[in-house]
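A look at the structure
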Amino acid sequence: MAKEFVKDVTGMDEDFAQWYTDVVKKAELVDYSSVRGSMIIRPYGYAIWENIKNALDAKIKETGHENVYMPLFIPESLLQREKDHIEGFAPEVAWVTHGGEEELAERLCVRPTSEVLFGEHYKNIIHSYRDLPKLYNQWANVVRWEKTTRPFLRTLEFLWQEGHTCHETDEDAHEETVRMLEVYAELCEELLAIPVVKGQKTEKEKFAGAKYTYTIESLMHDGKALQSGTSHHLGDGFAKAFGIQFTDREGKLQHVQQTSWGLTTRIIGAMIMVHGDDRGLVVPPRVAPTQLMIVPIAQHKEGVLDFAYDLKEKLSSVARVGIDASDKKPGWKFNEYEMKGIPMRLEVGPRDIENGQVILARRDTGEKVTVPVGELVKRVPELLEEIQNTLFEKAREHREEMTIIALGFDEFKQVMAEKGGFVKAMWCGELACEEKIKEETSATSRCMPFEQEKVADTCVCCGKDAEKLVYWAKAY
């Protein structure tokens, strides 16, 4: 790729944060709005989100959930019903104080999440064990007043889905929490080609008001972690705060056991930072709005455009196909679709037509192959599948290279200072050690993986006996 084509994009290893900002703008994923920290999601960015949303929505419905919609506003008195929850969200809440010219008698919160709204509703509709389980999900926007913002990763307003469910027993709620984390892990690995680590958050890092939080964590190109989806067992805390009770099978009154789980538009940020390169975005084929872009060469010559459109029609049965028949030069088009990360490009000109073949260029490796026209319907899906798998393997290898076991605190600090990535280290379970690690290295506990190993007998920080292996990293 000629350097002049990508002169507007900062090199990844030169300044990763600036590279990220350049790519989201140049690939036309977002634009900034006039409100600090808010983003306009442009058609290409929104098309990627729709593909993620549609795939996840299908999985949510397959697991027996129904979609609902809750109000945008929460009265202050309602928000304060669950003490831990409001304390956890207080610094990020946006308040509405006026309706038109009039000051409101009670402030309204713009939802940062909807546990309390679901709690109030569930109290009204759940009475007996026959009403359970209640498996609801909503697709919505939420607002959190973040201090530092970056498109997709942290914005004042973002899009997500939030599942809220009620169950008869603790065990049922636990199964739901695990099931939905698995759904997120599959989505990340199979659709977005992002390998994840599954585990439990520490008490310090769990969701405000939850009994426990399960998470999937992924590693970005720059060695920082990103929490990519969470699933929370809420226990009966919200049920007690809101009086959500049911008559059980023995005729006794019980509080329901609840879960909540969510995945947001920040997953697009993860996709950008896991797969992107110095030429821009790289979009995995299964989530790409356009999987194959046809670029006619010397299209002013007779028959070239007709041939290109015929190919588009033929290949549309096996892939999402676009065609650029604008009068821009082929070099500009090549650069444009590389920047946008379109998985594959098809080049066809007069000589190719004469020889009954076309050139396919892969975005992930830059490799070009010549394919006979008669084999395209078979070869295009095969190559797209190959690209999808290659991206996942490359990301997995990168994560393995950037995962280090640390036995002592000096080693831990050195890895964080010089390399970053995931550090696997033992922990005694004390909050003081978790806070000391964050203070001295900027690393936070990402999760206690479900697949536990015992790499040492003692805590990496204090040297006391340790039972839990934790993944630590600096994070977005």
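Residues numbered from 1 in each chain as written. Predicted model: local features only at pLDDT ≥ 70, side-chain atom pairs only at ≥ 80, totals over all residues. Heavy atoms only, no water.

1. With respect to the overall build of the chain
What counts here: Numbering of helices and strands starts at the N terminus; helices are DSSP runs of H or I of at least 4 residues and strands are runs of E of at least 2. As a reference, a globule follows 2.2 Å times the number of residues to the power 0.38, and the radius of gyration itself is taken over C-alpha atoms. The buried label applies to any residue whose accessible area, calculated with a 1.4 Å probe on protein chains only, is under 20% of its type's maximum; exposed applies above 50%, and partly exposed to all values in between. Residue contacts are counted whenever heavy atoms from the two residues lie within 4.5 Å of one another.
Each helix and strand in the chain was counted, giving 14 helices and 23 strands. Against the 2.2 N^0.38 benchmark of 23 Å for 476 residues, the chain shows a C-alpha radius of gyration of 25 Å, consistent with a compact globule. Each principal axis of the C-alpha atoms in the chain carries an extent, and together these give about 80 × 55 × 50 Å. For the chain, buried positions account for 53% of its 476 residues. Expressed as a percentage of contacts within the chain between residues at least 6 apart in sequence, the contacts between residues at least 24 apart total 69%.

2. Structural notes on the nonpolar core
This is how it is decided: To qualify as a nonpolar core, a set must consist of buried Ala, Val, Leu, Ile, Met, Phe, Trp, Tyr and Cys residues joined through side-chain atoms within 4.5 Å.
Counting residues in hydrophobic clusters, the biggest one holds 57 residues, and the most contacted among them are Leu29, Ile48, Ile52, Phe152, Met271, Ile272 and Leu281. Of the residues forming this core, the biggest block, eight residues, is contributed by helix H6 (residues 170-191). Met271 has contacts with Ile48, Leu192, Ile194, Gly276, Leu281, Val283, Pro284 and Val287, leaving out every residue within four places of it along the chain. The next biggest cluster of nonpolar side chains, apart from the first, holds 26 residues, and it includes Ile86, Tyr122, Phe207 and Phe246.

3. Considering the environment of Glu190
Structurally, Glu190 can be placed in helix H6. By relative accessible area, Glu190 is classed as partly exposed at 42%. For Glu190 and Glu162, which are 28 residues apart along the polypeptide, the C-alpha to C-alpha distance reads 21 Å. Setting aside residues no more than four positions away along its own chain, Glu190 makes contact with Lys59, Arg286 and Gln388.

4. Quick notes on the sheet that holds strand E15 (residues 292-296)
Stated precisely, the cut-off is as follows: Two strands qualify as a pair provided that DSSP identifies no fewer than 2 bridges between them. Whenever a helix is involved, its axis is fitted only over the stretch in contact; in every case the axis is a line through C-alpha atoms, and angles between N-to-C directions fall within 0 to 180 degrees.
In spatial order, the strands read E16-E15-E17-E18-E19; together these five strands make up an open sheet with mixed pairing. Single-partner strands in this sheet number two, and they are strand E16 (321-323) and strand E19 (368-372). Strand-to-strand twist of the sheet, defined as the mean angle between neighbouring strand axes without regard to direction, takes the value 25°. Across the sheet, helix H9 (residues 304-315) lies against E15, E16, strand E17 (344-348) and strand E18 (357-362), angled at about 165° from E15, the strand it touches most. Lying over the sheet, helix H10 (residues 330-339) contacts E15 and E17, oriented at roughly 170° with respect to E15.

5. Focus: the environment of Leu79
Here Leu79 lies in helix H3 (residues 76-79). According to the relative accessible area criterion, Leu79 is buried, its value standing at 2%. Taking the C-alpha atoms as reference points, Leu79 and Val116, 37 residues apart in sequence, are found 6.2 Å from one another. Residues within four places of Leu79 in sequence aside, it is in contact with Ile74, Ile86, Val93, Trp95, Cys109 and Val116.

6. Overview of the confidence of the model for the chain
Under the convention used in this document: pLDDT gives the predictor's per-residue confidence on a scale running from 0 to 100.
Per-chain confidence: the chain averages 95 in pLDDT, with 99% of residues scoring 70 or above. A low-confidence stretch, residues 1-6 (pLDDT under 50), is modelled with nine contacts involving residues beyond four sequence positions or located in other chains.

7. Thoughts on the pattern of salt bridges
Oppositely charged side chains may form a pair once their charged atoms are brought near each other. Note the following rule: Here, a salt bridge means any side-chain nitrogen of Lys or Arg that lies within 4 Å of a carboxyl oxygen of Asp or Glu.
Inspection of the entire model under this criterion finds 34 salt bridges. Put simply, Arg363 and Asp277 hold a salt bridge, and the shortest N to O gap is 2.8 Å. Remark: Asp277 occurs in the loop between helix H8 (266-275) and E15 and Arg363 occurs in the loop between E18 and E19; sequence separation between them is 86 residues. Among the ionic pairs, Arg286 bridges to Glu385, the shortest N-O distance being 2.4 Å. Of this pair, Arg286 sits in the loop between H8 and E15 while Glu385 sits in helix H12 (residues 376-401), and the two are 99 residues apart along the sequence. With relative accessibility at 33%, the residue Arg286 sits in the partly exposed group.

8. Regarding the pairing of strand E11 (residues 225-235)
Residues in a regular strand project their side chains so that they alternate between the two faces of the sheet. Counting buried residues along E11, 10 of its 11 residues qualify, which places the element largely inside the surrounding structure. Taken together, the eight bridges between strand E10 (residues 212-219) and E11 define a ladder with antiparallel strand orientation. By the bridge assignment for E11, Glu217 is matched with Gln227. Remark: five residues form the turn of the hairpin made by E10 and E11, two consecutive strands paired antiparallel; Gly223 in that turn has positive phi of roughly 85°. The pairing of E11 with strand E14 (residues 257-264) spans five bridges and is classified as antiparallel. Residue His232 lies in a different strand from E14, and its bridge partner there is Ser260.

9. Regarding the layout of surface pockets
Threshold: Every definition here rests on a 1 Å grid over the protein atoms only: cavities are sets of points where a 1.4 Å probe fits but cannot get out, pockets are open sets enclosed by protein on both sides within 12 Å along at least five of seven lines, and lining residues have some atom within 4 Å of a point. Grid points are joined across faces, edges and corners, and a volume is the space filled by probe spheres set on the points. In this count, Pro and Cys sit with the nonpolar residues alongside Ala, Val, Leu, Ile, Met, Phe, Trp and Tyr, while Asp, Glu, Lys and Arg are called charged and the others, Gly among them, polar.
Computed from the structure, the largest pocket encloses a volume of approximately 1,100 Å³. The wall of the largest pocket is formed by 38 residues, among which Glu92, Arg144, Arg154, Glu205 and Gln227 lie closest to the centre. Looking at the lining of the largest pocket, the elements with two or more residues in it are helix H4 (83-89), strand E8 (157-167), E11, E14 and strand E22 (444-449). Residue composition of the lining of the largest pocket, by class: 11 nonpolar, 14 polar and 13 charged. Space inside the second largest pocket adds up to approximately 350 Å³. Considering the residues around the second largest pocket, the lining is formed by 17 residues, among which Val196, Val197, Lys198, Glu451 and Tyr471 are closest to the centre. The element best represented in the lining of the second largest pocket is H6, accounting for four residues.

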